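One-letter residues, chain by chain:
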Amino acid sequence: MTKDVSMEARNLVKHFPLHLGFLKTMLSKDIPYVHAVDGVSFKIRRQEIFGLVGESGCGKTTTGRLLLRLVEPTAGEVFFKDVEVTAIDLEREMRKLRRRMQIIFQDPYESLNPRMSVFDIVAEPLRIQNVTESEDELRDRVAQALEDLDLNPPDEFMYRFPHELSGGQRQRVAIGRAFVLRPEFLVADEPVSMLDVSIRSEVLRLLMSLIERYNSSFLYITHDIALARHMCNRIGVMYLGKIVEKGSTDKLIMEPLHPYTEALIAAVPVPDPTARRTKVVIKGEVPSAINPPPGCRFHTRCPYVMPICSKEEPELVEIQDRYLACHKYNG
Amino acid sequence: MYYQTIRGYVRAVDDVSFKVGKEDALGLAGESGCGKTSSALTILRLLPWNARIIDGSITLDGEDLVKMRDKDIRKKIRWKRISMVFQGAMNALHPTYSVGKQITEAILLHEDVDSKEAVERTEKLLELVGIEAEKINRFPHELSGGMKQRVVTAMALACNPDIVIADEPTTALDVIVQAQVLKVMKELQSKLKLSWILITHDLSMITETCNRLAIMYAGKVAEYGDLAAIYKEPLHPYTERLLSAFPSIVGPKSELSSIPGFPPDLLVPPPGCRFHPRCPKAMDICRKKEPVPVKAKKDHEVICHLYT
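For clarity, every value in this text was computed on a predicted model and none was experimentally measured.

Draft legend 1. Here's a closer look at the overall build of chain B. Within chain B, the regular secondary structure consists of 10 helices and 13 strands. Principal-axis analysis of the C-alpha atoms places the extent of chain B at approximately 65 × 50 × 35 Å. If you take every contact in chain B between residues at least 6 apart in sequence, the share linking residues at least 24 apart comes to 62%. Per element, the accessible surface of chain B, about 14400 Å² overall, is 52% carbon and sulfur. Here chain B contributes 42 positive and 39 negative side-chain charges, whose respective centroids are spaced 3 Å apart.

Okay, here's the thing in structure tokens:
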């Protein structure tokens, strides 16, 4: 593997068994599965910000968690630098690795323990990983982390509890917790979707400056393709557990090839009344991931559907400057 | 309108004025807690017990709603003249009644029709928002989020109102479904000659659907007028910052600006202009004197000392 790849996912699959009642489980021959992630592969290069974009339920969050092994994959491999994350058996080994990869969750109202002070929240990873030698050093590291996030002066924030903070401050604490170990790889799962717009850009700015400072590579999960455009170097668009298009941000946004990417971009409201674009609003909603449609999973809503689409599943192949899974461009 | 609390009055809506003409769509925008929803609830007088309307008037066709008795508001105004789609209304549908029944109930309660006619009207309403009439007997859990949102929109239209207030109608929906719902709303506006008041924190949604805009900050209107005019030339520093805080999918990539600090506590709002602690262009006068509305152009008002 090349040196500049930081994180690689190969054919990741995650199926969640559906919980029926006891009787139904006993009687039915096969248990239905939710096909949350179905064969997803991508590489994240060093110092790169890779965006995963898609509607809710497309499997982007599950993919992020699979990378950190917060959920166990059904199949597929994850490589971090030259370590195969999915092959590690020992919890101790895994813990060592977690020091180098962290996650920021979506909702700072739920991801922070209400009974822990800001100091304890940010210090917890350091304590678990045993990285500091003295209480003083621990304190300094926490103070530094808070200062990095403009929670100034840190002494004032350290002994507050989450309920005394605003949403933006809470999310900053969550970011501080993720960065306090100076990880090489980070997953951010919709880190600003719960925040007000005016606060959002400030949090994103801080996030970007930290990524730059620690040379981390980054997986940014979002449903907002306009935001992904501002944040990411490359974007992968997911639909029902699969990546349908993947490429550099500028190319993908300026010239989307997959009909789903096109629709996703067309649906984004534009904050400019003078720039009304012609709109193709696609019909219907995402089908259930329990029985995903055969063939191309998007064919039920695709405006360019062809007979082959419902029969054969398109492969993700390299076309021009990107990867694409669509029959329209095959052949 | 203020909320009375143990610690004093929360000045949730303080000297807010706007007009909605026929077939207008007004967007009310601002951060959470800036008084958007409270303004709407004041119009419909759906206020909690501790709310006090201190002063001001709400005029609908020459009649002052503030002076009206509760009973009359209920009988004559709500649903029939002004109706509302509440925030998260799609999750407030009764789970054990079919959606049709829930709409029919509203019609029967407010209008003097028999149940057969009410059912017919319900079917028409559903078709109007793009749901097949056969789905009238479906239960909320059988419908998707986008469809539920359309059902509550249909419900708001049940008694042919003139004005519909929609409070964050698409926040819980995905972009594609959001675009579908907004399209329905726009079509209804021209078909039924409706006026909309759209409450949202998402400015880009307003630019897609509305023709007029009021930007609120900390219980006050900061800027108000024709949408295109405000967009072309935002005058208030808050509007300016808010507009450039949005990432756009078209045009050149630009640096996202941000507004430092946090919205103020409305129990003790800052003296003078309420935005001055966060304003990059704050002057001495901003800390002392409250600005008054200035007519910058025809159909464009701004409340800021920079223009007085």
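Draft legend 2. Here's a closer look at helix α2 (residues 70-77) of chain B. All names here are of chain B. Taken as a whole, α2 has its buried residues at Asp-72, Ile-73 and Ile-77. Projected down its long axis, α2 shows its buried positions confined to an angular sector of 100 degrees, all on one face. For α2, the secondary structure elements touched by its buried residues are α1 (36-44), β5 (59-60) and β7 (82-85). Directly beyond the C-terminal end of α2, a positive phi value near 70 degrees is found at Trp-79.

Draft legend 3. Inspection of the sheet that holds strand β12 (residues 294-297) of chain B at higher detail. Residue and element names in this part refer to chain B. Overall, mixed pairing links the 8 strands, which are arranged β7-β8-β9-β3-β10-β11-β13-β12 in an open sheet. Since the sheet does not close on itself, it has two edges, and those belong to β7 and β12, each with one partner. Averaged over all neighbouring strand pairs, the angle between strand axes comes to 20 degrees, with direction disregarded. Here strand β8 (residues 163-167) pairs with strand β9 (residues 195-200) via 5 bridges, running parallel. Along β9, the bridge assignment pairs Ala-166 with Leu-198. In the packing of α1 onto the sheet, contacts are made with β3 (25-29), β7, β8, β9 and β10 (212-217), and the angle to β7 comes to roughly 145 degrees. Helix α5 (residues 145-156) rests against β7, β8 and β9 of the sheet, and its axis sits at about 170 degrees to β7.

Draft legend 4. Inspection of the environment of Leu-97 of chain A at higher detail. Inspection of the secondary structure assignment puts Leu-97 of chain A in helix α3 (residues 91-98). Taking the C-alpha atoms as reference, Leu-97 of chain A lies 9.2 Å from Leu-68 of chain A; in sequence the two are 29 residues apart.

Draft legend 5. How the structure looks around the pairing of strand β8 (residues 217-222) of chain A. All names here are of chain A. Counted residue by residue, β8 has 6 buried out of 6 residues, so it is predominantly covered. Burial of β8 is two-sided: the residues Ser-217, Leu-219 and Ile-221 facing one way and the residues Phe-218, Tyr-220 and Thr-222 facing the other way are all buried. In this sheet, β8 lies alongside strand β3 (residues 49-53) in parallel orientation, the contact comprising 5 bridges. Looking across to β8, one finds that Gly-51 is bridged to Tyr-220. Relative to β8, strand β7 (residues 185-189) runs parallel, the two being bridged by 5 bridges.

Draft legend 6. Representation of empty space enclosed by the protein. A complete count under the given rule lists 7 cavities of 30 Å³ or more for this structure. Within this model, the largest cavity holds a volume of roughly 110 Å³. If one sorts the elements of the lining of the largest cavity by residue count, strand β11 (residues 220-226) of chain B sits on top with 3 residues. For the lining of the largest cavity, the residue count by class is 7 nonpolar, 2 polar and 3 charged. Each pocket or cavity is described by its volume, and for the second largest cavity that value is around 80 Å³. Taken together, 13 residues line the second largest cavity, and the ones lying closest to its centre are Pro-259, Cys-296, Cys-302, Cys-309 and Cys-326 of chain A. A per-class count over the lining of the second largest cavity returns 9 nonpolar, 3 polar and 1 charged.

Draft legend 7. Geometry of the interface of chain B and chain A. Taken together, the contact between chain B and chain A spans 41 residues of the former and 42 residues of the latter. Across the interface of chain B and chain A, roughly 3700 Å² is buried in total on both sides, 61% from carbon and sulfur atoms. Taken together, the links from chain B to chain A amount to 0 salt bridges. The tally of links between chain B and chain A comes to 1 residue pair in polar contact (both at pLDDT 80 or more). The set of elements that each furnish at least two residues to the side of chain B that touches chain A consists of α5, α6 (175-192), α7 (203-209) and α8 (227-232) of chain B. No other element matches α6 of chain B, which puts 8 residues into the side of chain B that touches chain A. By residue class, the composition of the side of chain B that touches chain A is 20 nonpolar, 14 polar and 7 charged.

Reading guide: rules and limits
- Residues numbered from 1 in each chain as written.
- Chains lettered and ligands numbered in written order.
- Predicted model: local features only at pLDDT ≥ 70, side-chain atom pairs only at ≥ 80, totals over all residues.
- Heavy atoms only, no water.
- Helix = DSSP H or I, 4+ residues; strand = E, 2+ residues; numbered from the N terminus.
- Contact = heavy atoms within 4.5 Å.
- Areas by Shrake-Rupley, 256 points an atom, 1.4 Å probe, with all protein chains shown as cover.
- Lys, Arg positive; Asp, Glu negative; His and termini not counted.
- Charge placed at Lys NZ, Arg CZ, Asp CG, Glu CD.
- Buried < 20%, exposed > 50% of the residue type's maximum accessible area, 1.4 Å probe, protein only.
- Arc of directions from axis to C-beta.
- Pairing = 2+ DSSP bridges.
- Axes fitted to C-alpha atoms, helices over the stretch in contact; angles between N-to-C directions.
- 1 Å grid on protein atoms, 1.4 Å probe; cavity = no way out; pocket = protein on both sides within 12 Å on 5 of 7 lines; lining within 4 Å.
- Points joined across faces, edges and corners; volume = space filled by probe spheres on them.
- Nonpolar A, V, L, I, M, F, W, Y, C, P; charged D, E, K, R; others polar.
- Buried area = accessible area lost by both parts, 1.4 Å probe.
- Salt bridge = Lys/Arg side-chain N within 4 Å of Asp/Glu carboxyl O.
- Polar contact = N/O pair within 3.5 Å; in protein donor to acceptor, adjacent residues only side chain to side chain.

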